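The residues making up each chain are set out below.
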Amino acid sequence: MPKYVWIGNGDQKTRIDLAPLAYKEGGQGTVYLSGLFPIEMINTCIKVINKPEDFAVQMEAITKMLEHPAQPYERAKHAAAVPLELVWDENKKAIGYTMEELRSWHGFHELTTVEGSESTEVDLRAAGLLLAALSRAIRTIHGQGFVIGDLNPSNVLFKHIPLRYFDPPDASIEHSTVEFQVRVIDVDSWSIHRPDLGIEYSSHVLDRGVIYHPDIIQADKEGKPWPHFTPDHDWWAFACICWWVLTKHDPYQWGKHEAIKNKEKRILKNLTANSAVAVRLGFISGSAVQALGPKLRFYLDRCLKGKEKRPFPTKMLEDFADNLRTCACGFTAHASAVICPKCAQLL
Amino acid sequence: MKTLGEIMQEDREIGLQFSFMNKEAIPQFLEDLPPETVEVAEARHQFVTTQPTGVKLTDDDVFHGKKVDLRGLPANLLQTNYVLVGVWRQERIQTKQGPMRGTSFWMIRFRFRHKDHLAEYRAKMGEPAWRELEANRPVLLGELVTICSLAFWQMRAYRNPYYHDHQVLPGVHAISLNFEGREPLYEWNPPKELGDDDLPARYNPDFVFNLI
């Protein structure tokens, strides 16, 4: 690992001493957190790739994207922790990049359990709005020619910021709202399809233990090369994340005890948690699934079965978040569920 | 507004029967009955055609082929004196003459019973099964909501004789609401240019059915 790195270009380069910085090691590289950075770099961190020679093609694509006047990363910076500036070693070799520091943010994986949702204070409404924000972020990312590929709950961070404001006509009335922000991380594992800029890069990074696409399972079974990631892969992963975050249940597994092999089989055969006739899902998860309301529940199921291959209709998630009803028993469900799935009273 | 009939004290049960041709559209949390065999299907057909028939409440001239909106029905039922006492799903074989004869369909049946006649039903069912039903009732009703929310249906309604131990009970009836010809309500595959918008409904109903 280098002791010093240079950030920026030409005369504007700044030399940073990495030794005193707090850091977190990841699979591909080490992220150095700000603190001792110059003032203009506050809220920025440095990602140094562990073995840059293994990521030469990737780094070349990132370099091209950063140096291109069209600034595709800049346009996606409110959706993802995109590379901001290149990081060079003493030999002027690009070994990483700077990105927005997201130290106080939470991961979507925390929202896949009841406990995690409680500890991060994300109720069903907030979860719906965060997913809507993620849906918009994915559209933004795709709009710049990127495909996330390894879209899984741990690669999405979120923050909710309470906002208070006054309405100008009557400044004595204070309003409050919450702003939901999401950032997709691990941007260096994205594929880039920008033939207009002369940049094409296909990634093959995927955490198969979490999100395992049907065509990739099939390729692995047959010992064939993986297909290239497309936006459809991201939208399928998004549907999995939605199901997980909103119901707290895996869209394919009965329970945590089940072997992963069985899950792969179910993914291939489209045996989702919501598949009637073929799969029995315990009544215990019924109320959480029904809380989605019939339309969102069946639409997500169609996405999981590969019947919907298009960007997710974000307004369906906003409608979900904005039309929740809490029953006298304390259970919350979408108004279209009509009857409380927990106690059978009218919502 | 057209009134089909009045629910009377003598109507001991209200039964809702939905026929699905597409098993993908069936909601998840329903009790399974074993698939119907050809012999049983024929026997059922025979029984239906030889027993005293009820009174048809829907006029075929008015309702045949019409799309009926049932979205208000589950909430209506919850506000009556009838309680859900059973739900079944069964794969059946089409016995009617015609091109569909011999093909499979799925029958989903919801059975509601008048509150004044629950005790005998509960005793017959047995306490463990009754307790299980009580625990599952919210989710079972939720699946009725699902069925009524995602499609419009063609409808036939009858007031039938009521059978107890295979015998007709004089002066007692059962309302039977039969739904078939399911028309999915939402445009699942709208044009891509819809962008971020929610899914649009495909139709307006010909009728809206309510129990009031």
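## A look at the overall build of chain A
- For chain A, the count of helices and strands is 10 helices and 15 strands.
- The C-alpha atoms of chain A give a radius of gyration of 22 Å, which matches the 20 Å a tight globule of 347 residues would have.
- Taking the principal axes of the C-alpha coordinates as reference, chain A spans close to 70 × 65 × 40 Å.
- The buried share of chain A, reckoned over its 347 residues, is 53%.

## What about the nonpolar core?
- In terms of nonpolar packing, the biggest core is built from 98 residues, with A:Phe108, A:Phe238 and A:Phe312 touching the most fellow members.
- Other than its neighbours up to four places away in sequence, A:Phe108 contacts A:Leu130, A:Leu131, A:Leu134, A:Pro153, A:Val156, A:Phe158, A:Val182, A:Ile241 and A:Val245.
- With 43 residues, the next largest nonpolar core counts B:Leu70, B:Leu77, B:Tyr82 and B:Cys148 among its residues.

## With respect to the pairing of strand β1 (residues 4-7) of chain A
Residue and element names in this part refer to chain A.
- Burial along β1 is one-sided: the residues Val5 and Ile7 are buried and none of Tyr4 and Trp6 is.
- With four bridges joining them, β1 and strand β2 (residues 14-17) adopt antiparallel strand pairing. Note that in β2 the partner of Ile7 across the bridge is Thr14.
- Examined bridge by bridge, β1 and strand β6 (residues 85-88) share two bridges and lie antiparallel to one another. In the strand pairing of β6, Ile7 is matched with Val87.

## As for the side chain of B:Glu36
- Note that B:Glu36 resides in the loop between β1 (11-20) and α1 (38-50).
- If we skip the residues at most four places from it in the chain, B:Glu36 touches B:Ala41, B:Arg44, B:Gln90, B:Glu91, B:Arg92 and B:Ile93.

## Remarks on the environment of A:Ala126
Residue and element names in this part refer to chain A.
- Within the secondary structure layout, Ala126 lies in helix α4 (residues 124-143).
- Exposure remark for Ala126: the relative accessible area of 6% places this residue in the buried category.
- Once the C-alpha coordinates of Ala126 and Lys248 are considered, the two residues, 122 residues apart in sequence, prove to be 14 Å apart.

## Details of the sheet that holds β1(A)
Residues and elements named next belong to chain A.
- Strand order in the open sheet formed by seven strands is β2-β1-β6-β7-β5-β4-β3, with antiparallel pairing between adjacent strands. Both outer strands of the open sheet, β2 and β3 (23-25), are each paired with one neighbouring strand and no more. Within this sheet the neighbouring strands show an average axis-to-axis angle of 30°, counted without direction.
- Pairing of strand β4 (residues 29-32) with strand β5 (residues 44-49), which is carried by four bridges, proceeds in the antiparallel orientation. Directly across from Thr30, in β5, lies its bridge partner Val48.
- Lying over the sheet, helix α1 (residues 56-67) contacts β5, β6 and β7 (94-100), oriented at roughly 135° with respect to β6.

## Comments concerning the packing of helix α6 (residues 231-247) of chain A against helix α9 (residues 294-304) of chain A
All names here are of chain A.
- Relative orientation of the contacting elements α6 and α9 amounts to 140°, with a least axis distance of 8 Å. Classified by the angle their axes make, α6 and α9 are oblique. For α6 against α9, the interelement crossing comes out left-handed. Note on element contacts: α9 touches α6 through Leu296, Arg297, Leu300, Cys303 and Leu304, opposite Trp236, Ala239, Cys240, Cys242, Trp243 and Leu246.

## Thoughts on the pattern of salt bridges
- Evaluated as defined, the whole model comprises 35 salt bridges over all chains.
- The salt bridge partner of A:Glu100 is A:Arg183, with a shortest N-O separation of 2.7 Å. A residue pair is termed long-range when its members are at least 10 positions apart, and A:Glu100 in strand β7 and A:Arg183 in strand β11 (residues 170-184) qualify at 83 residues.
- Judged by its relative accessible area of 24%, A:Glu100 falls in the partly exposed class.
- By relative accessible area, which is 7% here, A:Arg183 ends up buried.
- In this structure, B:Glu13 and B:Arg113 form a salt bridge, with 2.6 Å as the shortest nitrogen-oxygen distance. Placement of B:Glu13 in strand β1 and of B:Arg113 in strand β5 (residues 104-114) is noted, with a sequence separation of 100 residues between them. Here the two residues B:Glu13 and B:Arg113 agree in accessibility, since each one is buried.
- Overlapping salt bridges, with partners in common, bring together B:Arg12, B:Glu13, B:Arg111, B:Arg113 and B:Glu120 in one network.

## Here's the deal with the environment of B:Val145
- Residue position: B:Val145 is located in helix α5 (residues 127-149).
- When neighbours within four sequence positions are excluded, B:Val145 is seen to be in contact with A:Pro294, A:Ser336, A:Ala337, A:Val338, A:Ile339 and B:Pro74.

## Quick word on the packing of α4(A) against α6(A)
All names here are of chain A.
- Contact geometry for α4 and α6: axes closest at 11 Å, N-to-C directions at 170°. By the angle class used here, α4 and α6 are roughly antiparallel. Residues Leu124, Ala127, Gly128, Leu131, Leu134, Ser135, Ile138, Arg139 and His142 of α4 form the contact with α6, whose participating residues are Pro231, Asp234, Trp235, Phe238, Ile241, Cys242, Val245 and Leu246.
- Class assignment of the residues belonging to the contact of α4 with α6 gives a composition of 12 nonpolar, three polar and two charged.

## Quick notes on the interface of chain A and chain B
- Each partner contributes residues to the interface: chain A has 45 residues there, and chain B has 38 residues.
- For the pair chain A and chain B, the summed buried surface comes to about 3,400 Å²; carbon and sulfur atoms form 58% of the total.
- In this structure, the connection of chain A to chain B is made through six salt bridges.
- Inspection of the chain A/chain B interface yields 10 residue pairs in polar contact (both at pLDDT 80 or more).
- Listing elements by their share of the side of chain A that touches chain B, those giving two or more residues are α4, α8 (286-290), α9 and α10 (314-322) of chain A.
- Broken down by element, the residue count for the side of chain A that touches chain B peaks at six residues, all from α9(A).
- Class assignment for the residues of the side of chain A that touches chain B results in 21 nonpolar, 10 polar and 14 charged.

## Some words on the sheet that holds strand β9 (residues 146-147) of chain A
Residues and elements named next belong to chain A.
- Pairing in this open sheet of three strands is antiparallel, and the strands run β9-β12-β13 from one edge to the other. The sheet is open, and its two borders are formed by β9 and β13 (199-201), each paired with just one other strand.
- Bridge count for β9 against strand β12 (residues 191-194) is two bridges, and the pairing is antiparallel. Residue Phe146 lies in a different strand from β12, and its bridge partner there is Ile192.
- On the sheet, α1 packs against β9, β12 and β13 and is oriented at approximately 150° with respect to β13.

## Section: the confidence of the model for chain B
- Counting all residues, the mean pLDDT for chain B is 88, and 96% of those residues have values of 70 or more.
- Among the scores for the predicted complex, ipTM is 0.90 and pTM is 0.91.

Each value, and the rule that gives it
Residues numbered from 1 in each chain as written. Chains lettered and ligands numbered in written order. Predicted model: local features only at pLDDT ≥ 70, side-chain atom pairs only at ≥ 80, totals over all residues. Heavy atoms only, no water. Helix = DSSP H or I, 4+ residues; strand = E, 2+ residues; numbered from the N terminus. Rg over C-alpha atoms; globule rule 2.2 N^0.38 Å. Buried < 20%, exposed > 50% of the residue type's maximum accessible area, 1.4 Å probe, protein only. Core = buried A, V, L, I, M, F, W, Y, C linked by side-chain atoms within 4.5 Å. Contact = heavy atoms within 4.5 Å. Pairing = 2+ DSSP bridges. Axes fitted to C-alpha atoms, helices over the stretch in contact; angles between N-to-C directions. Parallel < 35°, antiparallel > 145°, perpendicular 65-115°, else oblique. Left-handed = near helix turned anticlockwise from the far one by under 90°. Salt bridge = Lys/Arg side-chain N within 4 Å of Asp/Glu carboxyl O. Nonpolar A, V, L, I, M, F, W, Y, C, P; charged D, E, K, R; others polar. Buried area = accessible area lost by both parts, 1.4 Å probe. Polar contact = N/O pair within 3.5 Å; in protein donor to acceptor, adjacent residues only side chain to side chain. pLDDT = per-residue confidence, 0-100.

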